[in-house]
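Here's the letter readout for the chains.
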Amino acid sequence: GGKWTYDGPDGEHHWSRNYPYCGGAFQSPINFQPELLRFDPNLLPIQLQDYNLSNKEQLTLSNNGHSVLLSLPSRMHLAGLSHRYSAAQLHFHWGSSNTPSGSEHTVNGKQFAAEMHLVHFNSAKYPNISTALDKSDGLAVLGVFIEVGEHNPAFDRFLKYVNGIKYNGQKVQVAGFNVRELLPARLDEYYRYDGSLTTPPCFPSVLWTVFRNPVSISLRQYLALASALFSSHAQEAAPMPLLGNYRKTQLMDNRVVLVSFQQ
Ligand SMILES: NS(=O)(=O)c1c(F)c(F)c(S(=O)(=O)CCO)c(N[C@H]2CCc3ccccc32)c1F
Ligand SMILES: [Zn+2]
């Protein structure tokens, strides 16, 4: 689609000019305010199926100028939701090298260093993500808060290749691994609400599941995201660092956020 950025003349305050849904309702991300959370005992633990990929499998790690993406095979899927949701890709949002504060969702106003999103589409009803993209029951995205702390070997499965995708449009192949290892231990504790894509075209088509507990990566690993990538193409004269690729939190539009936990 058209060009859009996170700041400047094509920044998020201007997205709705070319992408009308970005100015609509049910937008993401949001701030999880304690007084607006409602415990729902029907929210069962998230069931990940076929997340343990063989190292014979090749995944594509790419820089699309907005984020770093890892392609995921559609046999990976979520079970236990209203429909089967098949994996499509995972990507990240982060801050800058000297400000490790770049998550999209926030908890009582607290922004985490970064946030990982695993994008899935309703493969029970739609043949591929492109047709599911703008359907109200089309997508399910898992969100994982990331904080800077302990080194996380699971993230090195692909972070060690980011120097091969420094510029917009670059891709490298990485070996499959157990994607479950990127997620927090507790898959039973999460926030749940109806929202949207957090980038243009901002379709209100996402069932959001954001895990309560963050995962940790080391400062060195965080900097691999926040200081090694550019949104510009390799041959462009002025390299543009890929930083602060997070949308600000949106109005609640009297939405309720359900939580699967009580304390
Ligand atoms: N935060 S988020 O989960 O809303 C989200 C992103 F933040 C984001 F950057 C991307 S993207 O593909 O890198 C950029 C253009 O959509 C997608 N990509 C999705 C939407 C479009 C598309 C098409 C095929 C596969 C994945 C996606 C996304 F779902
Ligand atoms: Zn995202």
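I will try to describe carefully the structure that is included in this document. Bear in mind the structure is a predicted one, so any value in this text is a computation, not a measurement. (Residues numbered from 1 in each chain as written. Chains lettered and ligands numbered in written order. Predicted model: local features only at pLDDT ≥ 70, side-chain atom pairs only at ≥ 80, totals over all residues. Heavy atoms only, no water.)

1. Considering the coordination of the zinc ion (ligand 2)
Operational definition: Water is absent from the atoms considered, so a metal site may look incomplete; donors are defined as N, O and S atoms within 2.8 Å of the metal, or 3.2 Å for Na, K and Ca. Irregular is the label for any site that misses the other tests, which are tetrahedral for four donors with all angles between 85 and 135 degrees, and square planar for four donors or octahedral for six when opposite donors exceed 155 degrees and the remaining angles lie between 65 and 115. Each residue gets one of three labels from its accessible area relative to the maximum for its type: buried under 20%, exposed over 50%, partly exposed in between, using a 1.4 Å probe on protein chains only.
Looking at the zinc ion (ligand 2), one finds its protein donor set to be His91 (NE2), His93 (NE2) and His117 (ND1), positioned 2.0 Å from the metal centre. For the zinc ion (ligand 2), the 4 donor atoms in the first shell make angles of 99 to 116° at the metal, a pattern classed as tetrahedral. For the zinc ion (ligand 2), all donor residues lie on one chain, and their spacing in sequence is H-x1-H-x23-H. What makes histidine 91 buried here is its relative accessible area of 13%.

2. Some details on the site of ligand 1
Which entries qualify depends on this criterion: Any residue with a non-hydrogen atom lying within 4 Å of a molecule or strand is treated as near it. Definition of a polar contact: a pair of N or O atoms within 3.5 Å, with one able to donate and the other able to accept a hydrogen when the atoms are protein atoms, and with sequence-neighbouring residues admitted only if both atoms are side-chain atoms. Method for areas: the Shrake-Rupley scheme with a 1.4 Å probe, in which residue coverage is limited to the protein chains shown. Helix numbers and strand numbers start at the N terminus; a helix is a DSSP run of H or I with at least 4 residues, a strand a run of E with at least 2. Each residue is assigned to one class: nonpolar for Ala, Val, Leu, Ile, Met, Phe, Trp, Tyr, Cys and Pro, charged for Asp, Glu, Lys and Arg, and polar for all the others, Gly among them.
Around ligand 1 sit 14 residues, and of these Asn64, His91, His93, Thr198 and Thr199 come closest. The contact in question runs from a nitrogen atom of ligand 1 to an N or O atom on the side chain of threonine 198, over 2.7 Å. Protein contact buries 84% of the 540 Å² of open area that ligand 1 shows by itself. For the shell around ligand 1, the element with the most residues is strand E7 (residues 85–94), which contributes 3 residues. A per-class count over the shell around ligand 1 returns 6 nonpolar, 7 polar and 1 charged.

3. Some points on the environment of leucine 182
What counts is decided by this rule: We call two residues in contact when some of their heavy atoms are within 4.5 Å.
Here leucine 182 is to be found in the loop between strand E12 (171–175) and strand E13 (190–195). The exposure class assigned to leucine 182 is buried, which follows from its relative accessible area of 0%. A sequence separation of 44 residues divides leucine 182 from alanine 226, and the C-alpha atoms of the two residues are 18 Å apart. Contact partners of leucine 182, with chain neighbours within four places excluded, come to Leu90, Met116, Val144, Ala154, Phe155, Phe158, Phe177 and Val215.

4. Things to note about the sheet that holds strand E9 (residues 110–111)
Strand pairs in the sheet, formed through backbone hydrogen bonds, run parallel or antiparallel to each other. Note the following rule: In this scheme, strands are said to pair when DSSP sees at least two bridges between them.
Read from one edge to the other, the open sheet built from 3 strands follows the order E1-E8-E9, with strand pairing classed as mixed. Strands at the two margins of the open sheet, each flanked by one partner only, are strand E1 (31–32) and E9.

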